[in-house]
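Listed below, chain by chain, are the residues.
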Amino acid sequence: MLVLPFCLRAQNHARAEEILDKTFEVLSDNSGIRVEFVGTDSGFLLLKGEKFYLNNSNIQCWYNGDTQWSYVAENKEVNISNPTPEELQVINPYFILKNYKDNFHCTYQGNTGKKGAESHLLVLTSKHAGGNEIVRLTISNRYQPTELKIERNGQTLGHINIISFRKNQHLEDNMFYFNKTLYPDI
């Protein structure tokens, strides 16, 4: 009886890792992915490996795998940075999945019938800073994220529902660089 909880926890952890690894394979598609989302903010995200372009109601953000450009139209300025993996995982689920073994304890919470199809519920709890960051993921049986919620110290940092996930988008590398000529007044 004492061993049963440990066996179940190990099975849940192994199942969670299997789902996360398969989901990471899907997100690593080198031809490109387009994700449309609603939630804390609405918009779309283009992914190609580590590169991404985010366009939502507040910001446009380009990341070429090294440099990030963040454009806020309201301020007419672009900020240029070299973000850490921790900063990137708030914007791009690819980075959560890429580094989950180093940064999170993961557990499989079971299935749900969200979006008309059975999906997997996973909870990732930070290994660092006292485990105060939690990522709740819902992943379809095709290993595509359908919902993402990031919490820190009991506060929700972001919550998105993915309404469209399209693979094989054949995205060009120049889509992940800020093009200064398109924004002459910043």
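Scroll up to find the structure.
Residues numbered from 1 in each chain as written. Predicted model: local features only at pLDDT ≥ 70, side-chain atom pairs only at ≥ 80, totals over all residues. Heavy atoms only, no water.

Visitor: Before we go on, may I ask you to explain the overall build of the chain in this structure?
Guide: Helix and strand counts for the chain come out as four helices and 11 strands. Per-residue burial over the chain gives 43% buried out of 186 residues. Contacts spanning at least 24 positions in sequence make up 44% of the contacts within the chain whose residues lie at least 6 apart. Taken as a whole, the chain presents about 10,200 Å² of accessible surface, with 51% of it coming from carbon and sulfur. (Helix = DSSP H or I, 4+ residues; strand = E, 2+ residues; numbered from the N terminus. Buried < 20%, exposed > 50% of the residue type's maximum accessible area, 1.4 Å probe, protein only. Contact = heavy atoms within 4.5 Å. Areas by Shrake-Rupley, 256 points an atom, 1.4 Å probe, with all protein chains shown as cover.)

Visitor: Looking at this model, I keep getting lost on the nonpolar core. Mind explaining?
Guide: In globular proteins that are soluble, nonpolar side chains generally tend to be buried together. By size, the foremost hydrophobic cluster in this structure holds 34 residues, and its most contacted members are Leu20, Phe52, Leu122, Leu124, Val135 and Leu137. Per-element accounting of this core gives the leading share, five residues, to helix α1 (residues 3-27). With residues up to four places along the chain from it excluded, the contact list for Val135 reads Ile96, Phe104, Leu122, Val123, Leu124, Leu148, Lys149 and Ile150. Ranked by size, the runner-up nonpolar core spans 10 residues in total, among them Trp62, Tyr71, Phe176 and Tyr183. (Core = buried A, V, L, I, M, F, W, Y, C linked by side-chain atoms within 4.5 Å.)

Visitor: I would appreciate a short explanation of the packing of aromatic side chains in the present structure.
Guide: Remark: the centre distance and the inter-plane angle together describe each pair of aromatic rings, the angle taken between the planes. Per the counting criterion, the structure on display carries eight aromatic pairs. Residues Trp62 and Tyr183 carry aromatic rings whose centres are separated by 5.9 Å and whose planes lie at 75° to one another, so their mutual orientation is edge-to-face. One end of the pair, Trp62, is in strand β4 (residues 60-63); the other, Tyr183, is in the segment after β11 (155-166), with 121 residues separating them in the sequence. For Tyr183, a relative accessible area of 17% translates into the label buried. Among the aromatic side chains, those forming a connected cluster through ring pairs are Phe44, Tyr53, Trp62, Tyr71, Phe178 and Tyr183. Directly above the aromatic system of Phe44 lies the positively charged group of Arg34, at a separation of 4.1 Å from the ring centroid. (Phe/Tyr/Trp six-rings, centres within 6.5 Å; stacked < 30°, edge-to-face > 60°. Lys NZ or Arg CZ within 6 Å of the ring centre and 35° of its normal.)

Visitor: Explain the pairing of strand β10 (residues 145-152) here, please?
Guide: For a regular strand, the rule is simple: side chains alternate between the two faces of the sheet. Most of β10 sits out of view: six of its eight residues are buried. Of the strand pairs in this sheet, strand β9 (residues 133-140) and β10 are connected by seven bridges, and their pairing is antiparallel. Considered in β10, the bridge of Ile134 is made with Glu151. With six bridges joining them, β10 and β11 adopt antiparallel strand pairing. From the neighbouring strand, Leu148 faces β11, where its bridge partner is Ile160. In sequence, β10 turns back onto β11 through a hairpin of two residues, with Asn153 there showing a positive phi of about 50°. (Pairing = 2+ DSSP bridges.)

Visitor: Would you mind showing me how to read the environment of Lys149 here?
Guide: Relative to the elements of secondary structure, Lys149 occurs in strand β10. Residues Lys149 and Ile134 lie 15 residues apart in sequence; the distance between their C-alpha atoms is 8.1 Å. Not counting chain neighbours up to four residues away, the residues in contact with Lys149 comprise Ile134, Val135, Arg136, Thr156, Gly158 and His159.

Visitor: How should unusual backbone geometry be read in this particular structure?
Guide: Leave glycine aside and you will find that most residues have negative phi; peptide bonds, for their part, are mostly trans. Unlike most non-glycine residues, Asn153 shows phi in positive territory, near 50°. Within the secondary structure, Asn153 sits in the loop between β10 and β11.

Visitor: For this particular structure, what's the right way to read the pattern of salt bridges?
Guide: When charged atoms on two side chains of opposite charge get close, those side chains can pair. Within the structure shown, the criterion is met by 10 salt bridges. Residue Glu18 is joined to Arg15 by a salt bridge in which the shortest nitrogen-to-oxygen separation is 3.3 Å. Of the two residues, Glu18 and Arg15 are both situated in helix α1; the distance of three residues between them amounts to about one turn of the helix. Within this structure, Arg15, Glu18 and Lys22 form a network of salt bridges that share partners. (Salt bridge = Lys/Arg side-chain N within 4 Å of Asp/Glu carboxyl O.)

Visitor: Explain the environment of Thr67 to me, please; I cannot follow it from the model alone.
Guide: Note that Thr67 resides in the loop between β4 and β5 (68-72). A relative accessible area of 15% places Thr67 in the buried class. In sequence terms Thr67 and Ser81 are 14 residues apart; their C-alpha atoms lie 5.9 Å from each other. Excluding anything up to four places from it in sequence, Thr67 contacts Trp62, Ile80, Ser81 and Asn82.

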